[in-house]
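Listed here are the chains, written in short residue letters.
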Amino acid sequence: MNINHPSFGKIDKNRVIFFDTTLRDGEQSPGFSMNLDEKLRMARILTELGVDVIEAGFPVASTGDFESVYRIAELIKDSVICSLARSGGKNDIEKAGEALKPAKRKRIHNFISTSPLHMKYKLRMEPETVLEIIADGNKKARQFTDDVQWSAEDGSRTDPDFLCRCVEVAIKNGATTINIPDTVGYSTPEDMRRIFKDLLERVPGADQVIFSCHNHNDLGLGVANTIASLQGGARQVECTINGIGERAGNAALEEITMILRTRHDEFPYDNRIISKKLLNASRTLSTITGFDVQPNKAIVGRNAFAHESGIHQDGMLKNAETYEIMTPESVGWNRSSFVLGKHSGRAAFRDKLKSLGYDEFSDEKLNEAFQRFKTLADQKKTVYDDDISALVDDEVRDHEFIRFIDMSIKSGIRASEVLLTLEVDKQNKKVEFTGNSGSVDAAFNAIRKIFPHPEATLSLFSIGAVTQGTDAQAKTTVRLEENGKTVDGQGTDVDTVVSAVKAYVHALNKLLTKRQRQKPENVS
Ligand SMILES: CC(=O)SCCNC(=O)CCNC(=O)[C@H](O)C(C)(C)COP(=O)(O)OP(=O)(O)OC[C@H]1O[C@@H](n2cnc3c(N)ncnc32)[C@H](O)[C@@H]1OP(=O)(O)O
Ligand SMILES: CC(C)C(=O)C(=O)O
């Protein structure tokens, strides 16, 4: 390869040009249209990310598309700005040239289908006509710029001999980049490797141009095919942020970048992408389009650096390389996250308690709190930090004379029937109480029935949610007063009435502790 490229000059044999088509093919995703301001904002993000070529639009498509290419060409000076055009379109190339007028570095990308299926049914053209259009299109594009790209639409399903002829004609007539798209995402990595290798070996002048790949994701192979294309000899990758694009999308820029970084020994291809900016690019695009990436999306998905299972969290705490092949910081995240849930273990739970400021925990206390955490995690989809604090605060209690064991409630419009079991002095006691002032009142009366304490009065009762959602924990505070002594009890539970009963029992235990301090031998 001995290329003196019109936009990039002498190119090292392992240098890969990143061609981003988020604003053209990406915008072809149903529902992903962007207005002018949004395109300008995204173009700025792409150039700051280090993208070499920004495909800004298809000017003949609409006045809006023309204007966005024009305005991006005015604004962006650190990337080549590219405009799409049909090779045989009536006015396409002229419009593309006009829209690129303000660009410091500009490229016209002309294309025409070359597969038998597309030529016969879509274009209704003979192969010889297509060859003439390729010659004319590239010649015309060269009148506007020296940086001309030609694409063989549906190139991967094109007869190899005919593809060689098309590429030769494009090169002879001025194309400096030759793109072979896998337009319908049909190919495998082996196909793509072979196609580029074949063209490089067979087409005269192939060593004077840059070969480019553009892989769609219909079989989920967009990125794998891109890496294989590089192995076959392509040195430009066409891609989009978050992999958006026609149908199942295009190869994702962030994934290609991180494969080339993480496995550089096997794929020693260099590029200008600043990986720390990947997350910001992804998030900006999601905000603009209104479509979030799926949580498990590589690199930029919410779960890409989140760990929930105990064995993984334990490994991560010992050495992050056990479960992460790249650092979250390298792609723009602040840190990995540990999500505490039903699959978590003690190591992560202890670490979380420490980060929440609870470091004075005996192993016994930690185990007790951990069991309560597991019970809670079985009931709740997400256990938030506030849930854990509430649960631990609940655990750090005075001596328990009375313990909540179980409760069931039948609630109607008029009557609430509560069946409550408490442990009192190590013995389970069960009562039933029916009242007509609601479930909480019936439950408190049931407590009084099991453990009478007529001198104490309830002076405060308040309930709130610890976190969000209908499965949030309720946090209740109960205040009891007796002979000038005041105690507050707290209880938390996903069930509001259970949280109220726990709070009442907590307050009662505090009251009993106070009584005991005064008369140690007399509990009740
Ligand atoms: C694989 C890709 O992603 S290619 C890019 C796809 N993107 C788009 O199509 C988005 C923008 N497109 C548009 O706005 C419109 O389709 C336009 C303005 C380009 C054309 O609109 P219309 O003139 O109404 O044509 P329409 O879209 O119905 O059909 C496309 C025509 O282009 C022809 N055509 C397709 N590719 C080429 C080509 N490379 N060279 C010449 N003609 C072509 C088709 O054969 C068809 O011609 P016909 O009307 O004589 O049958
Ligand atoms: C215009 C070409 C490059 C294209 O988008 C495709 O073939 O998918």
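As annotated in an unreviewed UniProt entry, the protein chain carries the name 2-isopropylmalate synthase and comes from Commensalibacter melissae. According to the UniProt record, the Pathway (unreviewed entry) comment for the protein chain reads "Amino-acid biosynthesis; L-leucine biosynthesis; L-leucine from 3-methyl-2-oxobutanoate: step 1/4." The annotation that UniProt attaches to the protein chain under Catalytic activity (unreviewed entry) is "3-methyl-2-oxobutanoate + acetyl-CoA + H2O = (2S)-2-isopropylmalate + CoA + H(+)".

UniProt's feature table lists "binding site: Mn(2+)" (unreviewed entry) at Asp-25, His-214, His-216 and Asn-250, given in the numbering used throughout. On the basis of their most widely separated C-alpha atoms, the annotated residues across 226 residues gather in one place, lying no more than 10.2 Å apart. Topologically, His-214 is positioned in strand S9 (residues 210–215). For His-214, a count of 30 C-beta atoms within 10 Å translates into the label buried. Excluding residues that lie within four positions of it along the chain, His-214 makes contacts with Ser-151, Asn-179, Pro-181 and Glu-238.

Taken together, Asp-25, Phe-111, Ser-151, Glu-153, Asn-179, Pro-181, Thr-183, His-214 and His-216 make up the full set of residues adjacent to ligand 2. Secondary structure elements with two or more residues in the shell around ligand 2: strand S7 (148–153) and strand S8 (177–182). Among the residues forming the shell around ligand 2, the class breakdown is two nonpolar, five polar and two charged.

Running from N to C, helix H7 (residues 189–202) and helix H8 (residues 222–232) cross one another at 30 degrees; their axes reach a closest spacing of 7 Å. Taken together, the axes of H7 and H8 lie roughly parallel to each other. The way H7 lies across H8 gives a crossing that is right-handed. In contact with Pro-189, Met-192, Arg-193, Arg-194, Ile-195, Phe-196 and Lys-197 of H7, H8 contributes Ala-224, Asn-225, Ala-228, Ser-229, Gln-231 and Gly-232. Among the residues making up the contact of H7 with H8, the classes are represented as six nonpolar, four polar and three charged.

Attention now goes to the sheet that holds strand S17 (residues 474–482). Whether parallel or antiparallel, the strands of a sheet pair through hydrogen bonds between backbone atoms. Read across the sheet, three strands follow the order S16-S17-S18 without closing on themselves; strand pairing throughout is antiparallel. Each having just a single partner strand, strand S16 (457–465) and strand S18 (485–493) make up the two edges of the open sheet. Taking each pair of neighbouring strands and ignoring which way they run, the sheet shows an average axis angle of 15 degrees. Note: S16 against S17, eight bridges, orientation antiparallel. By the bridge assignment for S17, Ile-463 is matched with Thr-476.

Criteria and thresholds
- Residues numbered from 1 in each chain as written.
- Chains lettered and ligands numbered in written order.
- Predicted model: local features only at pLDDT ≥ 70, side-chain atom pairs only at ≥ 80, totals over all residues.
- UniProt positions renumbered as here; feature names shortened; annotations may be inferred.
- Helix = DSSP H or I, 4+ residues; strand = E, 2+ residues; numbered from the N terminus.
- Buried ≥ 20, exposed ≤ 12 C-beta atoms within 10 Å, placed from the backbone.
- Contact = placed C-beta atoms within 7 Å.
- Near = placed C-beta within 6 Å.
- Nonpolar A, V, L, I, M, F, W, Y, C, P; charged D, E, K, R; others polar.
- Axes fitted to C-alpha atoms, helices over the stretch in contact; angles between N-to-C directions.
- Parallel < 35°, antiparallel > 145°, perpendicular 65-115°, else oblique.
- Left-handed = near helix turned anticlockwise from the far one by under 90°.
- Pairing = 2+ DSSP bridges.

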